[in-house]
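Below, each chain spelled out in residue letters.
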Amino acid sequence: MKEIAITDKQKYFDDHFPFEEKPELFDKKRCLHCDNVFYVGDFKVFKNKSGDEFICCPNAPECDGTVIDWFPAD
Ligand SMILES: [Zn+2]
């Protein structure tokens, strides 16, 4: 997967967040894969060979967690 630079993170998040209850960019989440706590706004975006884009853990590519692996930090 290839990382994509996102200039407007709020807009990207609004357009691509897959679930109904969208967190704010300043909310903290815990990634189930790497167990780190981070701000939602630090997300990274990666694109696979088919052109699908994924909202990923800020620790990607070391961590393979994506937005579905994020849980409330406390
Ligand atoms: Zn992670």
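In what follows, the structure referred to is the one given above.
For the structure given in this document, a descriptive report is provided here. (Residues numbered from 1 in each chain as written. Predicted model: local features only at pLDDT ≥ 70, side-chain atom pairs only at ≥ 80, totals over all residues. Heavy atoms only, no water.)

### Focus: the sheet that holds strand 1 (residues 2-4)
Let me state the cut-off plainly: Two strands make a pair as long as DSSP finds a minimum of two bridges between them. For helices the rule is a DSSP run of H or I covering at least 4 residues; for strands it is a run of E covering at least 2, with both sets numbered from the N terminus onward. Working convention: axes come from line fits to C-alpha atoms, limited for helices to the stretch in contact. Angles between N-to-C directions cover 0 to 180 degrees.
With respect to topology, three strands assemble into an open sheet ordered 1-4-5, the strand pairing being antiparallel. Two strands bound the open sheet, and with one partner strand each, they are strand 1 and strand 5 (53-56). Within the sheet, the average angular offset between the axes of one strand and its neighbour, ignoring direction, is 40 degrees. Strand direction decides the pairing type here: strand 4 (residues 44-47) and strand 5, joined by four bridges, are antiparallel.

### Some thoughts on the coordination of the zinc ion
Let me state the cut-off plainly: Counted as donors are N, O and S atoms no farther than 2.8 Å from the metal, or 3.2 Å for Na, K and Ca; water is not among the atoms, and sites may therefore look incomplete. Tetrahedral means four donors with every angle between 85 and 135 degrees, whereas square planar (four donors) and octahedral (six donors) require angles over 155 degrees between opposite donors and between 65 and 115 for all others; sites fitting neither are termed irregular.
The protein atoms that coordinate the zinc ion are Cys31 (SG), Cys34 (SG), Cys57 (SG) and Cys63 (SG), at distances spanning 2.2 to 2.3 Å. Here the zinc ion is ringed by four donor atoms whose angles at the metal span 105 to 113 degrees, and the overall shape comes out tetrahedral. Mapped onto the sequence, the donors of the zinc ion take the spacing C-x2-C-x22-C-x5-C. With a gap of 23 residues between them, Cys34 in the loop between strand 2 (28-31) and strand 3 (37-39) and Cys57 in the loop between strand 5 and strand 6 (70-72) connect regions that are remote in the sequence.

### A look at the sheet that holds strand 6
Strands sit in the order 3-2-6 across an open sheet of three strands; the sheet is antiparallel. Either end of the sheet is taken by a strand with one partner, and the two such strands are strand 3 and strand 6. Going across the sheet, the axis of each strand differs from the next one's by a mean of 45 degrees, ignoring polarity. In terms of strand pairing, strand 2 meets strand 6 through three bridges, oriented antiparallel. In the sheet register, Arg30 faces strand 6, and the bridge partner there is Phe71.

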